[in-house]
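# Understanding the architecture of this molecule
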Amino acid sequence: MAGDVVLWFICFFAVASLLGILVYQLMCLSDLEFDYINPFDTAKRINKVIEPEFVIHAGMTVLLLLCGVWLMFIINLPLLYLHARLYLRRQHLVDVTEIFNQLDYEKTYRLLKLGFYLVLLLVVIYRCSILLITPQFLIEIAIENCCYTCCISKDDSSSSE
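The numbers attached to residues start from 1 for each chain and follow its sequence in the written order. Local features are withheld for residues below a pLDDT of 70 in this predicted model, meaning they are given only at 70 or higher, and side-chain atom pairs are given and counted only at 80 or more; totals for whole chains, interfaces and linings count all residues. Water and hydrogen atoms were dropped before computing side-chain values, which therefore reflect all heavy atoms in the structure.

By the naming in an unreviewed UniProt entry, the chain is Protein cornichon homolog 1, taken from Sphagnum jensenii. Under the UniProt heading Sequence similarities (unreviewed entry), the entry covering the chain gives this text: "Belongs to the cornichon family." Per UniProt, the comment on the chain under Subcellular location (unreviewed entry) is "Membrane". UniProt positions are given in the numbering used here, feature names are shortened, and annotations may be inferred rather than shown by experiment.

Listed below in C-alpha cells is the structure:
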C-alpha cells in the first residue's frame with residue numbers, strides 16, 4: 001500500500017514537471033510570435049528541453065508498466081510512441097529556418113499535449129487522494145504509529161529502571 005502512494009507521488013511530480021516544460025515551450029513560441037525573441041533563441045530554448053520531456057514521460061510510462069498500472073500505461077502509450085517515432089526520425093527538434101512557417105502547427109501540437117498532461121494530472125491527483133483516504137491506508141498508519149509509540153514507551157520504562 002505504501003508503495004502505491006510512492007508510485008503516485010512520483011507520477012505527480014513527473015506530470016507536474018512535464019506541464020512546466022510544456023508551458024515553457026508555449027511561452028517561447030508566444031514570445032516568438034510577438035517578436036520578443038528571435039527564432040534562433042526560441043529554437044535553442046525549446047530544443048534544450050525536448051529531450052528531458054521525452055525522458056521523463058518515458059520513465060513514468062515504464063514505471064507504470066513495471067508497477068502493473070495497466071490502464072494508465074495504455075493511456076500513455078500513444079504519446080510515448082509518438083515521442084519515439086519523432087526521435088528516431090530526427091523530427092523532434094525545432095528547425096530555426098522553418099519555425100515561422102510551422103508556428104501554428106507547433107503551438108497546436110503543444111496545446112494538445114498540454115491538454116493530455118492536464119487530464120493526466122487530474123487522474124494522478126485523484127488516484128493519490130483516493131489512496132490516501134482509503135481506510136486500509138489509514139489503518140496501516142495507525143498501526144505503525146501505535147507500534148512506534150509502544151516501542152518508545154518500552155524503551156523509556158526500561159531505561160528508567
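Numbered from the N terminus, helices here are DSSP runs of H or I no shorter than four residues, and strands are runs of E no shorter than two. The length a helix should cover is 1.5 Å for every residue beyond the first. Between the first and last C-alpha of helix α3 (residues 70–88) there are 25 Å, a value that for 19 residues agrees with the 27 Å anticipated at 1.5 Å per step. At Leu77, α3 shows its maximal bend, which comes to roughly 35°, and the proline Pro78 appears one to four places after that position. For α3, every residue scored as buried is listed here: Met72, Phe73, Asn76, Leu79, Leu80, His83 and Leu86. For this analysis, residues touch if any pair of their heavy atoms sits within 4.5 Å. For α3, the secondary structure elements touched by its buried residues are α1 (2–33), α2 (39–66) and α4 (103–133). Of the residues one or two after α3, Arg90 is the one with positive phi, at around 60°. The bend reported for a residue corresponds to the angle between axes fitted to the seven residues ending at that residue and the seven starting there. Type-normalised accessible area, obtained with a 1.4 Å probe on protein chains alone, sets the label of each residue: buried when under 20%, exposed when over 50%, and partly exposed for intermediate values.

Salt bridge, as applied in this entry: a Lys or Arg side-chain nitrogen positioned within 4 Å of an Asp or Glu carboxyl oxygen. Taken as a whole and judged by the stated rule, the model has three salt bridges. Across the pair Glu33 and Lys107 runs a salt bridge whose closest N-O atoms are separated by 2.6 Å. One end of the pair, Glu33, is in helix α1; the other, Lys107, is in helix α4, and 74 residues separate them in sequence. For Glu33, a relative accessible area of 35% corresponds to the partly exposed category.

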